[in-house]
Structure formats: structure tokens, C-alpha cells
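Here are the chains, one letter per residue:
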Amino acid sequence: MKLLNWYRRQTVRRKIFLPFFAITLLSSTLFTVYGFIQNVRAIENEIDKRLLIAALTMPQLLPTDYFDRVQNPDSITEEEHWANTRRLELFLSNVGGTYLYALHRESNRYYFVASAALDTPYWTEYEKPAPNIYEVQKTWEVNISTTPDPDYGLLRSVVMGHKDAAGRRFIVGADIHAYEVEALKRRAFLNFFLMGFASFLLAVVFSYVASYTITQPLIRLSNFTRRLVESDFSAATRLDAALFPDGNQTKAETAILAYDFDRMQANLAEHIEQLKFTQSARERAESELRIAGQIQETFLPGPFAPTEFGGRVQLQAIMKTAKQAGGDLFDYFALDDAHLFFAIGDVSGKGMPAAMFMSAVVVLLRSAAKQWREPAEILRHVNDDLAIRNESCTFVTLFAGILDVRTGETVFANGGHNPPRLRTAAGAVAAVPTKTNMVVGAMDGRTFARETLALRPGDTLVLYTDGVTEAFDENDKLYGEERMDRCLGALPAEASAAEVLQGVVADVAAFAGAREQSDDITMLVLRYEPAGPKPS
Amino acid sequence: MELTVDKQNHTAIVAARGRLDAAGAPEFETRCKALVLEGANRLLLDFAQVEYVSSAGLRSLLVLAKTVKSAGGALALCSLVPAVRDVMTISGFDNILPLAANRAAALELLK
């Protein structure tokens, strides 16, 4: 398990190379050991066969009656013995062996009667015979053994019996020094070891090169990917095309991977470029909208001074724009010492077009108000000015009024706007009844009804846009007129214009909760104060 | 905003569903304009399933009214829910757009 985990963490190259290395090592070792063992057996068999042939052939190399003539130390001439010895020595050197001899046993002593050794005269005593000499006499069968000779050392030896014409038994033997056998075995081992090692080395070199060739493209791809990531994908360099010489028309997976990677990089670069472009375009658009919003605010009037009209009018207005610049507007200014002009409006649509249209409306409204001083007429002129060549069909809902501060008499006209709320001094809340008129700017040549409202001291007029009543909460529910009316009714009777405004704004904000504001929230609150001693 | 169109000769009955606001109005306007350009210069807009119309929606209705007018046709709305009818009344659109209680009455208006 530990080994497996270790293996998993290795590089692909090692993953390929290590098993290959292990298998090669194992197979080379097996091959060497098995081959060596087989060869050792063959060597031993071969040597035994040679010794056997030498021992069997020996009597034939001597004169036919030779053993019959072996009777005593003088029965064979020295001359004949050395002639026989030379013949046997020549034979033995051709067959390969150390000793070749015939032994005669007499009174439990052993005498060499024939030998391939040039230093052994006829009838030399074999003083300390090797154990196999006694062994062969038990059955007179061929004895093949490795036997320790007290004088000649360890021998591989073949001994057998040989009968002469008279039936006397001689011992014929052929030996080889054990160290010569060992030398042969050592040479065989060296041969096999060298062959095994060479094949192992060859396989290892091959697998090393193969693992390199296979993994090299992957390593290059991986290095390239890292460079790309570290450079935030802005690396101008492309992948080496040599990694995919045939494009994707190949079966080589790494080449296909490299090809696809290269295309992906190209696409990525393009997308990032596009993204940057879009990002900057959006940022530009957003900043333009923000600036548009700021310009829009300059079209709105500044705070109403509480000292105007001798403190008979409190006026508070607010415009909370949504994320996008919108088309809400409000306006107020004194026409003369006794007349206050006020208006609220909502341009259809949102964003830059609505903001631009709103600016035009404010400018037209202000100049028309100064010129005509009559709400119905003001709306009629603004309508005609806007409607001519209004291809976009953008329009504005407008409520405009003129308050006579001395009497509370208010003349107004409503161009398709939400009816304002009237909150009496007693705290009762109701929609101001208005005749329905067309929105402003949609169609030229339309007229607007002139209507009046008598404000009594303590009355509060609340003008608003649908951004207030159509604010959503988190469950997509609308704030609605009813909720607004309840909020207005719950405020204390003596609440100032600022308190009324803040009350509704806070109520809407509490209602909306975490829900993002979707439309401009605009309100204008006007409270008509009783005539009294001027505040000192 | 979902639109189901039933077109017969020069009359197209468009059953709208959802909110006709800043988000839905552009698609509504484009599809209805396309119908007029295809020859259906009599548009019957069934608003039974329209729960809300914003000022952007009113603007697109105004655009459509002008489009059918220049194509020599007519436009009518029917089956308005109370909230939408209120918007039409407050904005004065009921003065320029024929409103009918149901499809049959609206088809009469278009004749």
C-alpha cells in the first residue's frame, strides 16, 4: 500500500521507467541463472562422458595381450612401457583429462601398470589410493565420482574393472582435476553473466530513452502551462509547433493534446482580450452614467429655505436614484412673493435616454412655468414642445401646481402622474382627486384640465413617483399605495415636512429589506403652515 | 414576458403574459412591430394575464399605436386587470388606446 502510494506520486516518466527496469532486471537475472545452471550440467555431463570414453578406450590403445603379460615388475620392458605411455598421453591430451591409468592389485597394494603420465615408470606403487578405488572393487561396475585423492587433490574420476584373458581384474581409471572443472564452470558463468548484463543494459537504455521520448512533450506542455498561468495568460509566446507536427491528424495522444492546448490558448487569449475590452467599455459606460446622474442632480433645485414666504411653507424633496440613472424629476421655485411653483415627474424608461429626456423636461418646465404661470397651460406647452418629432415615444408623467401662499389655494394640472396624497392637519390621508389627463410628450395638441385644491393650515401634500409605491420586497411584493397611506396616517399630526418625508422613505427601506432598489424613489412633501408671528 | 400570437388575415391577436416593464417591453415591442410589418395592421392585445405595466410598457404601447396608425390599421386592448386599468387611467392612455372588456368587444372596435 505504501509502495503503491509512493508510486502514484512519481512523475509519469518514472511510472513508465521503474516497472520496466524492475521487469528487465528480473528477467535478465532469471535468464542468467537458468542458463548457467543448464550449462553447468552440460559441462559436467560432457566431462564425465569424456572420462568414460577415455577409460573404455584405454585397453584398446594397448597391445592386445598387454594385460596378460603384466605379471611382475619385470614382465614389461621399460621401452614398451614408455612407448605405451606416449600413445596414452597423446590420446589423453586430445580427449582432455589429467590422468589415465591402469592399476594392478597385489597383496593389497596397488601398482600403476599403464599410465599417460610421463613421470610414472612401470610398476610404480600407488601408495595412498583414493576412496573410489576401493569402491569400484565392491561391484566392479563403472564408478563415476568426485573423489579426494590424498596426493593429487580433489578429482573427478571414472574407474572401472578390466579383465585379462586369464580373468584377472585390473582397475582402469581416467581423472581430471576438480579445479579444471571449476574453471570451466566459472568461464561459463562469466559468459552468461556478461550476456545477461548486456541484454539488461540494452533494455534499460531503451526504456530510459523511450520514457523520455514519451514524456518529453508532456513535460514541455506542463512547463508551458505553468509559465502561461504565472504570466496571467498574457504570455506572448505560443507553444512550440514541433509538438504537433501533423496538427490533429494523428493518433499520437500527446500531439493531439498539444494541438488542442494551442488552440485553447489562442481562444483564451482572444477571450481575455475581449473581456478586457468589454470590461473597459462597461466601466466607461458606468462612469458616464454616474456623471449623467451628477449632471441630472444639477437640474434639481437646491434646498428650500424655511424662511421663504414668511415660514408659511415647509418643503422637502428627495430623489434616491436606483443603480441606473433614471428619469425622475422634481422642481420648485417662487414665481413671486406669494406664489410657489412645484412639480414632480417620471420619465418613461431608464438609463441614459431617460436621463437626457428628464433634463429637457426640467428646462422646458422651468421656462414654461415662468412664462405661463398656469399649470394646465404649462403642461400644454411642455407637451407640445416634447411631442413634436418625438420618434422614441418617450414621455413623462408630470404633476405641476402653483400654491398661493396667502390663501392656501392651489391650482394644479396632472399629466398622467400618480395622484398626490393629502394629509390633513387632523391626520386623515386621502388621494387628491384629479381628472385623468394624457401623459406629457406622447402626443401633441392635447389639453390638460385645470384643477384646484384648497390647502388649510397644517395640511401636508405628498407628491411621489411610482418608485415609492412600486418598491419590491424580497418576496416580489409591491409596497403599494395602501401601505404608504397607512404610513402617512400613523405619523404624528404635527410632523414636519422633513419628518413625513423621512418617515415614508424609512418605511419603504424597511419594506424592501435586502432587495435592490429597482426604480428611482422621488418624493416632494409640502406642508402649509398657519399664518403666525414671524419666527424671531 | 410570454406572447402567444394568433394571426388571421390582417388581424393578430396577441395574448401577453407577465410584466410589461423595462425588462419585458423591448421584446414585446419588437415582436408586435414585426407582426404589423408582416401585414397584420389590426392588433388586438389581450392583457388578461398581464399583471403589471410600467412606464416603459406604456411607451412601447405608444410606439405600437403609432406604428399601426402609420400602417393604416388600428389597435385595441382587452381584458385588463384592475391594476393595469388604473395605470391606463392615471396616465391618460385610456384616451388614446381603445380598451375593451373582452376579445369580442375588442374585435368590434377593430372593425
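Below you will find a few notes about this structure. (Residues numbered from 1 in each chain as written. Chains lettered and ligands numbered in written order. Predicted model: local features only at pLDDT ≥ 70, side-chain atom pairs only at ≥ 80, totals over all residues.)

### As for the overall build of chain A
The helix and strand inventory of chain A stands at 12 helices and 16 strands. Residues counted as buried form 31% of the 536 residues belonging to chain A. When contacts within chain A are restricted to residue pairs at least 6 apart in sequence, long-range pairs at least 24 apart make up 67% of them. (Helix = DSSP H or I, 4+ residues; strand = E, 2+ residues; numbered from the N terminus. Buried ≥ 20, exposed ≤ 12 C-beta atoms within 10 Å, placed from the backbone. Contact = placed C-beta atoms within 7 Å.)

### Observations concerning the overall build of chain B
Looking only at helices and strands, chain B has 4 helices and 5 strands in total. Secondary structure elements of chain B, listed N to C terminal, follow the sequence β-β-α-β-α-β-α-β-α. Taking all 111 residues of chain B together, 46% fall into the buried category.

### Things to note about the sheet that holds strand β9 (residues 339–347) of chain A
All names here are of chain A. With respect to topology, 5 strands assemble into an open sheet ordered β8-β9-β10-β11-β14, the strand pairing being antiparallel. A strand with exactly one partner marks an edge of an open sheet, and here the two such strands are β8 (328–334) and β14 (451–454). Between one strand axis and the next, the sheet turns through 15° on average, direction left out of account. Two strands pair when backbone bridges link them, and β9 and strand β10 (residues 396–404) are joined in this way by 9 bridges, in the antiparallel orientation. What sits directly across from isoleucine 344, in β10, is phenylalanine 399. Across the face of the sheet, helix α9 (residues 375–387) comes into contact with β10 and β11 (409–415) while running at roughly 25° to β11. (Pairing = 2+ DSSP bridges. Axes fitted to C-alpha atoms, helices over the stretch in contact; angles between N-to-C directions.)

### Section: the interface of chain B and chain A
The partner chain A presents 16 residues to the 14 residues of chain B that form the contact. Counting only elements with at least two residues in the side of chain B that touches chain A, the list comes to α2 (55–70) and α3 (82–91) of chain B. The element that contributes the greatest number of residues to the side of chain B that touches chain A is α2 of chain B, accounting for 7 residues.

### Quick look at the nonpolar core
Membership of the largest hydrophobic core comes to 106 residues, with the highest contact counts inside it found for Val361 and Met523 of chain A together with Leu43 of chain B. Ignoring sequence-local partners within four residues, the contact set of methionine 523 of chain A consists of Ala317, Ile318, Val462, Leu463, Tyr464, Val468, Leu501 and Val504 of chain A. Counting residues in hydrophobic clusters, the runner-up holds 28 residues, among them Ala55, Leu88, Ala114 and Val158 of chain A. (Core = buried A, V, L, I, M, F, W, Y, C linked by C-beta atoms within 7 Å.)

### A short note on the pairing of β9 of chain A
All names here are of chain A. The buried fraction of β9 amounts to 8 of the 9 residues, a majority that puts the element mostly inside the structure. Where β8 lies against β9, 7 bridges are found, and the strand directions are antiparallel. What sits directly across from phenylalanine 330, in β9, is isoleucine 344.

### Brief notes about the environment of alanine 178 of chain A
Relative to the elements of secondary structure, alanine 178 of chain A occurs in helix α6 (residues 178–230). Residue class for alanine 178 of chain A comes out partly exposed when judged on the 18 C-beta atoms lying within 10 Å of it.

### Focus on unusual backbone geometry
Although it is not a glycine, tryptophan 123 of chain A adopts a positive phi angle of roughly 65°. Positionally, tryptophan 123 of chain A belongs in the loop between β2 (109–115) and β3 (124–125).

### Structural notes on the pairing of β8 of chain A
Summarising burial for β8 of chain A: 5 of the 7 residues are buried, a large majority. Where β8 of chain A hands over to β9 of chain A, the hairpin turn is made up of 4 residues, counted between the paired strands.

### Some words on the packing of helix α11 (residues 480–490) of chain A against helix α12 (residues 497–512) of chain A
Residues and elements named next belong to chain A. Between α11 and α12, the least distance of the axes is 10 Å, while the angle of their chain directions is 135°. One element, α11, and the other, α12, form an angle in the oblique class. Both α11 and α12 take part in a crossing whose hand is right-handed. Contact residues: α11 offers Arg483, Met484, Cys487 and Leu488, while α12 offers Val500, Gly503, Val504, Asp507 and Phe511. (Parallel < 35°, antiparallel > 145°, perpendicular 65-115°, else oblique. Left-handed = near helix turned anticlockwise from the far one by under 90°.)

### Looking at the sheet that holds strand β6 (residues 169–177) of chain A
Strands pair in a sheet through their backbones, by hydrogen bonds, and they do so in one of two ways: parallel or antiparallel. All names here are of chain A. What the 6 strands build is an open sheet, ordered β3-β2-β1-β6-β5-β4; its pairing is antiparallel. What marks the edges here is a single partner per strand, and that holds for β3 and β4 (143–149). Strand direction decides the pairing type here: β2 and β3, joined by 2 bridges, are antiparallel. Pairing of tyrosine 111 across the sheet is with glutamate 125, part of β3. Across the sheet, α6 is in contact with β4, β5 (153–163) and β6; its angle to β6 comes to roughly 40°.

### A closer look at helix α2 (residues 12–61) of chain A
The end-to-end C-alpha distance of α2 of chain A, which contains 50 residues, comes to 72 Å, matching closely the 74 Å that a straight helix rising 1.5 Å per residue would cover. Where the residues of α2 of chain A are buried, they touch α4 (78–95), β1 (99–106), β5, β6 and α6 of chain A. (Expected span 1.5 Å × (residues − 1).)

### Structural notes on the packing of α6 of chain A against helix α7 (residues 253–298) of chain A
Residues and elements named next belong to chain A. In contact at an axis separation of 10 Å, α6 and α7 are set at 15° when each is read in the N-to-C sense. By the criterion of interaxial angle, the relationship of α6 to α7 is roughly parallel. Here α6 and α7 pass one another in a crossing that is left-handed. Note on element contacts: α7 touches α6 through Thr254, Leu257, Ala258, Phe261 and Gln265, opposite Pro217, Leu218, Leu221 and Leu228. When the residues that make up the contact of α6 with α7 are grouped by side-chain class, the tally is 7 nonpolar, 2 polar and no charged. (Nonpolar A, V, L, I, M, F, W, Y, C, P; charged D, E, K, R; others polar.)

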